[in-house]
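# Fold and contact review
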Amino acid sequence: MEFILLLVLASLYSISLIVGLFKQQILSRSVLYLGFILHLTILIIRSLTAHHPPFTNVYESLLLLSFLMQVKFIFFQKSISDRVINLQRLAVLIFTVVLIALPPETRTIQAVMPALNSIWMYIHVPAYLFSYVALFSGLVLAIIRLFSRKNIFANDEQMDTDISLAMIFMSIGLVTGAIWGQVSWGNFWSWDPKETWALINMIVLSLYFHKNDRKAQALIVILTALTVLFTYFGVTWLLSGLHSYS
Amino acid sequence: MVKILKTSYWILTPAILLMLIVASIFSPALLTSLSYTIIYLLYAAFILVSVVFVPTFLTKILHLLLVFMIIVVVFVKSNNDRYPIALGKGGSYLLQNENDTLDIKLLEFTITHDNGSVAAVHYESKLLIDHRDTISVTVNHPFKYKKIRLYQSSYRNMTPFNFYSNDSLRLFEGQYGKLNGIDLHFLEYDSHLQRAAISYNDILFYLPVEKEVTFLNTKIKIIPDIPEMGTVLEYVEVKGHVLLLLTALLLLLTLIISRLRRK
């Protein structure tokens, strides 16, 4: 049932994007809102069925992340060009397609493992999700910046805000994760692959604040997004460790 | 000075990133090696110096946070003693450090499974501490006593061994017991050589399993029993919290100095 809803969601987001490309913004927005409501419904159904918030594994966190990205793109941004809007819609659509492409077993609702039964989960995981939302929002602007000949000051300003937010939330996520590690395993830091890559993400992103050249900054954002994607998928499935469940 | 720092930053940071990426994928053991630790500390020192020169308050805080994290990681990793303790029901273990000794005995280990699945949603070790107090250790809720911490780590099947002589005795690895009035400590079972390591009066004996042998002038036979679920706890001795607090204060002081310098 959830899979069918996901297919419908991807279809709605695709229609919204295609219609948007043909400059039919009112129709595109209407379809997008419909998709947004469906996305919220899937999240609510999932949470109620599982009896836990939807961020205890890759599938759930990706479902929530794409929803939060949509919230950010719809409700929290200044007036921007159609090009940016289309790219934002494409970004959410890609995440939705990835959700569909994930192995079916990742969609199975499972009980929360004991280590995740902690108040820190409600701080650590959302902090990272917020940071990823800000990062991917910045990524859209970075791609536009890299391939655009014009300098759009509003976009650059928005990119700075997004990346600063991403950095702040990433730092909160890393610190709260270390504290949670101490509470759960008696160790602030274990050099677990996920921890190491979380640190790599943060160091790569920190390069952004040491460059004044906008093109170079855009490249750094793209590089960070790639390392974050590796942390999200690559580390989870290729490198085993304490965070193998997430 | 600022130019030198900037140039160094653009050399050091990609180098550190490359080191971390290569080690995390190909050789995780390198991440905790001495050479890497020295490089982390050098990088921390470099970041600390640059705090004075970076422009905004936010970047100063982020720099200091990174320095503090590197120090915590290096210090805690090299300073905290930790090892696993596997106990079957009735099994006991003597925890010892410089200042404290604590006898722990597993009274009961319970696993709660999710309805209709094999996934464990909760597991709990009920322990008797120093033959007096009963406590419970679960994931995220360790037992704390002075500098000693006991964490619920995992669980596994463990084989109890029956010791038959004039008396009989059932022991898990690591457990103490009294056989024919003699205090024994069953250290471990070597499955390869099929022998049990027994300590008596601090003398180590290796006795073959499933064979009758003479031990301290008495016939004894050790037979493995059906395995049962036991707990795995993680012992951690906490050290250096005061030093870490001092480091945090020192970093805060750096932040204040760099702010004053700017004004």
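Residues numbered from 1 in each chain as written. Chains lettered and ligands numbered in written order. Predicted model: local features only at pLDDT ≥ 70, side-chain atom pairs only at ≥ 80, totals over all residues.

## Regarding the overall build of chain B
Here is the rule we go by: Helix numbers and strand numbers start at the N terminus; a helix is a DSSP run of H or I with at least 4 residues, a strand a run of E with at least 2. Note on method: radius of gyration uses C-alpha positions; expected globular size equals 2.2 Å times residues raised to 0.38. Working definition of burial: number of other C-beta atoms within 10 Å of the residue's own, with buried at 20 or more, exposed at 12 or fewer, and partly exposed in between, all C-beta atoms being placed from the backbone.
Along the backbone of chain B there are four helices and 16 strands. At 26 Å, chain B has a C-alpha radius of gyration far larger than the 18 Å of a compact globule built from 263 residues. C-alpha extents for chain B along the principal axes are approximately 85 × 45 × 35 Å. The buried share of chain B, reckoned over its 263 residues, is 22%.

## A few points about the packing of helix 3 (residues 58-75) of chain A against helix 4 (residues 82-101) of chain A
Residues and elements named next belong to chain A. Here is the rule we go by: Note on geometry: axes are C-alpha line fits, over the in-contact stretch for helices, and angles between N-to-C directions span 0 to 180 degrees. An angle counts as roughly parallel when it lies under 35 degrees, as roughly antiparallel when it exceeds 145, as roughly perpendicular when it falls between 65 and 115, and as oblique in every other case. Note on convention: the crossing is left-handed when the near helix lies turned anticlockwise from the far helix by less than a right angle, right-handed when the turn is clockwise. Placing C-beta atoms from the backbone, we regard two residues as in contact once those atoms come within 7 Å. Residue type decides the class: Asp, Glu, Lys and Arg count as charged, Ala, Val, Leu, Ile, Met, Phe, Trp, Tyr, Cys and Pro as nonpolar, and the leftover types, Gly among them, as polar.
Packing of helix 3 against helix 4 brings their axes to within 10 Å, and their N-to-C directions diverge by 165°. Here helix 3 is positioned roughly antiparallel relative to helix 4, judged by the angle of their axes. Seen along the crossing, helix 3 lies across helix 4 with a hand that is left-handed. Residues Tyr59, Leu62, Leu63, Leu65, Ser66, Met69, Gln70 and Phe73 of helix 3 pack against Gln88, Ala91, Val92, Phe95, Thr96, Val98 and Leu99 of helix 4. Per-class residue counts for the contact of helix 3 with helix 4 are eleven nonpolar, four polar and no charged.

## Details of the sheet that holds strand 16 (residues 228-237) of chain B
All names here are of chain B. Note the threshold: Here, any two strands with at least 2 DSSP bridges between them count as paired.
Spatially, 1-16-7-6 is the arrangement adopted by the four strands of the open sheet, whose pairing is antiparallel. Looking along the sheet, the strands with just one partner apiece sit at the ends: strand 1 (81-87) and strand 6 (143-145). With strand direction ignored, the average angle separating the axes of adjacent strands in the sheet is 25°.

## Focus: the packing of helix 3 of chain A against helix 5 (residues 121-147) of chain A
All names here are of chain A. At their nearest, the axes of helix 3 and helix 5 sit 9 Å apart, and the two run at 50° to each other. Taken together, the axes of helix 3 and helix 5 are oblique relative to one another. For the pair helix 3 and helix 5, the sense of crossing is right-handed. Here Ser61, Leu64, Leu65, Leu68, Met69 and Lys72 of helix 3 come into contact with helix 5, specifically with Val125, Leu129, Tyr132, Val133, Phe136 and Ser137. Taken together, the residues of the contact of helix 3 with helix 5 sort by class into nine nonpolar, two polar and one charged.

## What about the interface of chain A and chain B?
Taken together, the contact pairs 29 residues of chain A with 32 residues of chain B. Of all elements in the fold, only helix 6 (153-185) and helix 7 (193-206) of chain A reach the threshold of two or more residues within the side of chain A that touches chain B. The dominant element in the side of chain A that touches chain B, judged by the number of residues it contributes, is helix 7 of chain A, at eight residues. Residues belonging to the side of chain A that touches chain B are distributed by class as follows: 19 nonpolar, ten polar and no charged.

## Description of the domain arrangement of chain A
All names here are of chain A. Counted only if it meets this: Note: domain ranges come from an automatic or database domain assignment.
Parsing chain A into structural domains produces domain 1 (1-110) and domain 2 (113-246). Between domain 1 and domain 2, the C-alpha centre-to-centre distance is 20 Å. Tallying the contact residues gives 17 residues for domain 1 and 18 residues for domain 2. Here the residues of the side of domain 1 that touches domain 2 are counted per class, giving nine nonpolar, five polar and three charged.

## Comments concerning the environment of Val137(B)
Residue and element names in this part refer to chain B. Here valine 137 is to be found in strand 5 (residues 133-138). Once the C-alpha coordinates of valine 137 and glycine 177 are considered, the two residues, 40 residues apart in sequence, prove to be 24 Å apart. With near-sequence residues (within four places) excluded, valine 137 lies in contact with Ser125, Leu127, Pro142, Phe143, Leu150, Gln152 and Leu233.

## Describing the environment of Phe205(B)
All names here are of chain B. By the secondary structure assignment, phenylalanine 205 is in strand 13 (residues 203-208). Separated by 160 residues in sequence, phenylalanine 205 and alanine 45 have C-alpha atoms that sit 52 Å apart. Filtering out sequence-adjacent residues up to four positions away, phenylalanine 205 remains in contact with Ile198, Tyr200 and Phe215.

## Comments concerning the domain arrangement of chain B
One can read the domain layout of chain B as domain 1 (2-80 + 240-262) and domain 2 (82-238). Look at where the C-alpha atoms of domain 1 of chain B and domain 2 of chain B centre, and you get two points 42 Å apart.

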